[in-house]
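Coordinate analysis (summary)
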Amino acid sequence: MEQRDAAGYGGCAAAALGAVTALYVWGSSHRTGIHLGTGFEGQGRDLSVLWTELPLVLLAGTLVPPVSWLLTLRLLGGRPRCRVLVAAVCTAGVLALSAWGLHAWSNPHDPDRVRLSGTVVSDLDP
């Protein structure tokens, strides 16, 4: 397999892996679960996330990893022999950072749910 074919297949694989990762992280979040009806008796159900958030999450998951793959390959040019390996490592790092950012966005910190001693109320309350 030539270097050019490996670069093309790597970009397609990065797009597919990014879309699957974004869908999994978004779908398994607590916030998305509440919006899709896992709250008590459907409390907090808001199905508008299926046509507002979901397409944007999938679009970002599909575009960010291959763009980082392409930029890395373009910045390295034809110089190093192992540029596909370097691009794969950079793309994996970008994918991990974007998955962490999506997880942090979809699972916001809620200080009312902090339980330091096992009590129902927060230990941070006066």
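Here, every reference points to the structure presented above.
A short tour of the structure in this document, coming up. (Residues numbered from 1 in each chain as written. Predicted model: local features only at pLDDT ≥ 70, side-chain atom pairs only at ≥ 80, totals over all residues. Heavy atoms only, no water.)

1. What to know about the overall build of the protein chain
Helix and strand counts for the protein chain come out as four helices and zero strands. Counting over 126 residues, the protein chain shows a buried share of 29%. In the protein chain, the share of contacts with a sequence separation of at least 24, taken over all contacts with a separation of at least 6, comes to 60%. Accessible surface computed for the protein chain: about 8700 Å², of which carbon and sulfur atoms make up 67%. (Helix = DSSP H or I, 4+ residues; strand = E, 2+ residues; numbered from the N terminus. Buried < 20%, exposed > 50% of the residue type's maximum accessible area, 1.4 Å probe, protein only. Contact = heavy atoms within 4.5 Å. Areas by Shrake-Rupley, 256 points an atom, 1.4 Å probe, with all protein chains shown as cover.)

2. Remarks on helix α4 (residues 83-106)
With 24 residues, α4 should reach 34 Å at 1.5 Å per residue; the first-to-last C-alpha distance of 34 Å fits that figure. Every buried residue of α4 is listed here: R83, V84, A87, T91, L95, A99, L102 and S106. (Expected span 1.5 Å × (residues − 1).)

3. Some details on helix α3 (residues 49-76)
The terminal C-alpha atoms of α3, which comprises 28 residues, lie 39 Å apart, in line with the 40 Å expected from a rise of 1.5 Å per residue. Looking only at α3, the buried set comprises V49, E53, L54, V57, G61, P65, P66, S68, W69, T72 and L73. Backbone geometry just after α3 places G77 at a positive phi near 65 degrees.

4. Section: the side chain of T91
One can find T91 in helix α4. When its relative accessible area of 7% is taken as the criterion, T91 is described as buried. Only 2.7 Å separates the side chain of T91 from the backbone oxygen of A87, close enough to count as a polar contact. The residues touching T91, leaving out its near neighbours within four places in the chain, are A14, P65, S68 and W69. (Polar contact = N/O pair within 3.5 Å; in protein donor to acceptor, adjacent residues only side chain to side chain.)

5. Structural notes on the nonpolar core
Counting residues in hydrophobic clusters, the biggest one holds eight residues: A22, V25, W26, V49, L54, V57, A99 and L102. When contributions to this core are tallied by element, the ones reaching two or more residues are α1 (3-27), α3 and α4. Not counting chain neighbours up to four residues away, the residues in contact with L102 comprise A22, V25, W26 and V57. Counting residues in hydrophobic clusters, the runner-up holds five residues, among them A7, W69, L73 and A87. (Core = buried A, V, L, I, M, F, W, Y, C linked by side-chain atoms within 4.5 Å.)

6. Some details on the packing of aromatic side chains
A complete count under the given rule lists zero aromatic pairs for this structure. When the ring centre of W105 is taken as origin, the NZ or CZ atom of R31, which lies over that ring, is 4.8 Å away. (Phe/Tyr/Trp six-rings, centres within 6.5 Å; stacked < 30°, edge-to-face > 60°. Lys NZ or Arg CZ within 6 Å of the ring centre and 35° of its normal.)

7. Details of the packing of α3 against α4
Contact pair α3 / α4: the axes reach a minimum separation of 9 Å and the direction vectors enclose 155 degrees. When the axis of α3 is compared with that of α4, the two are roughly antiparallel. Considering the relative orientation of α3 and α4, their crossing is right-handed. Residue-level inspection shows E53, V57, V64, P65, S68, W69, T72, L73 and L76 of α3 in contact with α4, the latter providing R83, V84, V86, A87, A88, C90, T91, V94, L95, L102 and W105. Across the contact of α3 with α4, the residue classes break down as 15 nonpolar, three polar and two charged. (Axes fitted to C-alpha atoms, helices over the stretch in contact; angles between N-to-C directions. Parallel < 35°, antiparallel > 145°, perpendicular 65-115°, else oblique. Left-handed = near helix turned anticlockwise from the far one by under 90°. Nonpolar A, V, L, I, M, F, W, Y, C, P; charged D, E, K, R; others polar.)

Any link to function would need more than the numbers given here.
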